[in-house]
Amino acid sequence: MNNTFYHENNKCGLKRTDFQKEIAGKRTDLFILTNSHGAEVAVTNYGGALLAIMVPDKNGNFANVVQGHDSIEKVINSPEPFLSTLIGRYGNRIAKGTFSLKGKEYNLTINNGPNSLHGGPTGFHARVWDAEQTDAQTLKLHYLSADGEEGFPGNVNIHVCYTWTNENELILKYHATTDQTTIINMTHHGFFNLAGLATPTPTVENNIVTINADFYTPMDEVSIPTGEIAKVEGTPMDFRTPQTIGSRINESFQQLVFGAGYDHCYVLNKKEPGTLTFAAKCVEPNSGRCMEVYTTEPGVQLYTANWHNGFEGWHGATFPARSAICFEAQHFPDTPNKGHFPSAILNPGEEYTQTTVYKFNTENK
């Protein structure tokens, strides 16, 4: 592991020594990406977890807009194990933790009701990644996921690159290969609050959201897609035009009841699969901060941190229910059991690639 480009006088107030630990022969560390405007992204190679994103509001005041922790022990023992981490092998849920591939049935760890969620309890979020910070704005992570890990087939070689541009864009590029036919559906589970973290961190219900999707995947009472691709039109799921999260989140619409709020996969409007296109936009009106999301993935999961319980994170900030918003770029949930969903199968000789961009700026309103 080389230079982390760490500097004591960072805006996020994190200390490198608080993130250095040896786990199963691998060392965790703190990496801080800094652009030409002094905006920062802090990451640890334990699960690729984001710890802080320090960006200015409309008045130039910096705040942390992503929920994270301030030590490696707190990351490892987080009440929310997926808090702003990399997710894999399979982001989102697989029904009953089972799927068939090439005539063979595979059984995964059950960790979310009757289902497998986010690759299981020891998925990519709970692994120490090899890390190399090649310059002040680039972090490269690598992990070899062994055949049979959490029940998934194939040795999968994964690279993820974090780039923090001078335009305040966090660019995540994923690449993976396998030696055996497998499934892969990676994402990053950033929990964002554009108002900035606080004690308590405010609700995101005032956030104005746009999602570039005419359809979504309705789910059942255990959050597994029914298989239907449903229109958002005429429902509280419609964010084709800007809407505040709180304006409809408490309606007695069955999908919102099932999710205790928004926790749904949107089918992004794309003319051509795999192209990098606009997915979503979120504006926090008081600070003027804005985040735009672009991705090559076919879907994005909107989640409003409905199950947060007020636990403590970065510098004592607390995270109540609905104090964050997530835009998880991914393939659809339970795709291995839904043949008509875009495939998440990766074969030997093929390459899994994904690019997702989170772009931060301000709007004066």
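Residues numbered from 1 in each chain as written. Predicted model: local features only at pLDDT ≥ 70, side-chain atom pairs only at ≥ 80, totals over all residues. Heavy atoms only, no water.

Further remarks concern the overall build of the chain. Broken down by element type, the chain carries two helices and 30 strands. Here the C-alpha atoms of the chain give a radius of gyration of 19 Å, agreeing with the 21 Å that 2.2 N^0.38 yields for 365 residues. Viewed in the frame of its principal axes, the chain has a C-alpha envelope of about 55 × 50 × 35 Å. Put simply, the chain has 365 residues, and 58% of those count as buried. Taking contacts inside the chain between residues at least 6 apart in sequence as the whole, the part at least 24 apart equals 68%. For the chain, the accessible area works out to roughly 13,700 Å², and carbon and sulfur atoms hold 49% of it. Placing the 27 positive and 38 negative side-chain charges of the chain at their respective mean positions leaves the two points 2 Å apart. (Helix = DSSP H or I, 4+ residues; strand = E, 2+ residues; numbered from the N terminus. Rg over C-alpha atoms; globule rule 2.2 N^0.38 Å. Buried < 20%, exposed > 50% of the residue type's maximum accessible area, 1.4 Å probe, protein only. Contact = heavy atoms within 4.5 Å. Areas by Shrake-Rupley, 256 points an atom, 1.4 Å probe, with all protein chains shown as cover. Lys, Arg positive; Asp, Glu negative; His and termini not counted. Charge placed at Lys NZ, Arg CZ, Asp CG, Glu CD.)

Moving on, we get to the sheet that holds strand 3 (residues 30-34). Within the open sheet, the four strands sit side by side as 3-4-5-6. Their pairing is antiparallel. With partners counted over all chains shown, the strands left at the sheet margins are strand 3 and strand 6 (62-64), one partner each. Averaged over all neighbouring strand pairs, the angle between strand axes comes to 15°, with direction disregarded. Direction of pairing for strand 3 relative to strand 4 (residues 40-44): antiparallel, over a ladder of five bridges. By the bridge assignment for strand 4, threonine 34 is matched with glutamate 40. (Pairing = 2+ DSSP bridges. Axes fitted to C-alpha atoms, helices over the stretch in contact; angles between N-to-C directions.)

Let's shift gears to the packing of aromatic side chains. In the structure shown here, the tally under the stated rule is 15 aromatic pairs. Taken together, a centroid distance of 5.8 Å and an interplanar angle of 85° make the contact between phenylalanine 124 and tryptophan 129 edge-to-face. A relative accessible area of 1% places phenylalanine 124 in the buried class. The exposure class of tryptophan 129 is buried, given its relative accessible area of 1%. Aromatic side chains phenylalanine 278 and tyrosine 294 sit 5.8 Å apart centroid to centroid with 65° between the ring planes, which places their arrangement in the edge-to-face category. In this pair, phenylalanine 278 sits in strand 23 (residues 277-283) while tyrosine 294 sits in strand 24 (residues 289-295), placing the two residues 16 residues apart along the sequence. (Phe/Tyr/Trp six-rings, centres within 6.5 Å; stacked < 30°, edge-to-face > 60°.)

So, on to the pattern of salt bridges. Overall, the coordinates contain 11 salt bridges when judged by the stated rule. Here arginine 127 makes a salt bridge to glutamate 149, at a shortest N to O gap of 3.8 Å. Note that arginine 127 is positioned in the loop between strand 11 (116-117) and strand 12 (130-135) and glutamate 149 in the loop between strand 13 (138-145) and strand 14 (156-164), a separation of 22 residues in sequence. Owing to a relative accessible area of 23%, arginine 127 belongs among the partly exposed residues under this scheme. As a salt-bridge pair, lysine 338 and aspartate 334 come within 2.6 Å of each other at their nearest N and O atoms. In terms of burial, lysine 338 and aspartate 334 fall into one category: buried. (Salt bridge = Lys/Arg side-chain N within 4 Å of Asp/Glu carboxyl O.)

As a rule of thumb, nonpolar side chains are buried together in soluble globular proteins. Core analysis: the biggest nonpolar cluster contains 58 residues, and Ile53, Tyr162, Ile211, Tyr266, Phe327 and Phe360 have the highest contact counts within it. Here this core takes five residues from strand 14, the largest share from any one element. Beyond its immediate chain neighbours, meaning those up to four positions away, phenylalanine 327 contacts Val209, Ala280, Cys282, Met291, Val293, Val300, Gln301, Leu302 and Tyr358. Core analysis: the second largest hydrophobic core is formed by 26 residues, Leu14, Leu51, Tyr303 and Ala317 among them. (Core = buried A, V, L, I, M, F, W, Y, C linked by side-chain atoms within 4.5 Å.)

Moving on to the pairing of strand 23. Of the pairings in the sheet, the one linking strand 18 (residues 208-211) to strand 23 comprises four bridges and is antiparallel in character. From the neighbouring strand, threonine 210 faces strand 23, where its bridge partner is lysine 281. Sheet topology note: the strand 23/strand 24 ladder contains six bridges and is antiparallel. Each bridged residue has a counterpart across the sheet, and for cysteine 282 the counterpart in strand 24 is methionine 291. Between strand 23 and strand 24, which pair antiparallel and follow one another directly, the connecting turn spans five residues, one of which, glycine 288, has a positive phi of 80°.

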